Amino acid sequence: MAKQDSTKVLWQVQVRKSRAHKWVNKGRFETRENARAAAAWLRGEPGWGAVYGFGNTRVVRVVKA
């Protein structure tokens, strides 16, 4: 497998209301850590150190064309 150019890799935050709903994009970030922080903020968590699970929020790796 060929190596991926790191400048083309982005991390996308997606959320959904329930399993019956579609995943909705909420933003793209350059680092996974920033994307995870945004996902935690969207879940309404009190602080970055308190991680309760992702629930209906996920962080997906995206490669720009």
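In the block above lies the structure referred to throughout.
Quick look at the sheet that holds strand β2 (residues 24–29)
An order of β2-β1-β3 is seen for the 3 strands of this open sheet, with the pairing classed as antiparallel. Strands at the two margins of the open sheet, each flanked by one partner only, are β2 and β3 (57–63). On average, each strand axis in the sheet is inclined to that of its neighbour by 30°, with strand direction left out of account. As paired elements, strand β1 (residues 9–15) and β2 share 5 bridges and run antiparallel to each other. Residue pairing for β2: glutamine 12 is matched across the bridge by arginine 28. Of the strands in this sheet, β1, β2 and β3 are in contact with helix α1 (residues 32–43), which crosses β1 at around 10°.

What about the nonpolar core?
Nonpolar side chains tend toward joint burial in soluble globular proteins. Listed in full, the 6 residues of the largest apolar core are Val9, Trp11, Val13, Ala35, Ala38 and Ala39. Those residues in contact with alanine 35 that lie beyond four places of it in its chain are Trp11, Val13, Phe29 and Val59.

Quick notes on the environment of valine 60
With respect to the secondary-structure elements, valine 60 resides in strand β3. With a relative accessible area of 25%, valine 60 lands in the partly exposed category. Through-space distance from the C-alpha of valine 60 to that of arginine 32 is 8.9 Å; in sequence the pair is 28 residues apart. Sequence-distant contacts of valine 60, that is, excluding residues within four places in its chain, are made with Leu10, Trp11, Gln12 and Gln14.

A short note on α1
Along an α-helix, residues three or four apart share an orientation, since each turn contains 3.6 residues. Given a rise of 1.5 Å per residue, 12 residues ought to cover 16 Å, and the 17 Å separating the end C-alpha atoms of α1 matches this to within 8%. Taken together, the buried positions of α1 are occupied by Ala35, Ala38, Ala39 and Ala40. Where the residues of α1 are buried, they touch β1, β2 and β3.

Conventions we followed
- Residues numbered from 1 in each chain as written.
- Predicted model: local features only at pLDDT ≥ 70, side-chain atom pairs only at ≥ 80, totals over all residues.
- Heavy atoms only, no water.
- Pairing = 2+ DSSP bridges.
- Helix = DSSP H or I, 4+ residues; strand = E, 2+ residues; numbered from the N terminus.
- Axes fitted to C-alpha atoms, helices over the stretch in contact; angles between N-to-C directions.
- Contact = heavy atoms within 4.5 Å.
- Core = buried A, V, L, I, M, F, W, Y, C linked by side-chain atoms within 4.5 Å.
- Buried < 20%, exposed > 50% of the residue type's maximum accessible area, 1.4 Å probe, protein only.
- Expected span 1.5 Å × (residues − 1).

So yeah, pure geometry; function would need other evidence.
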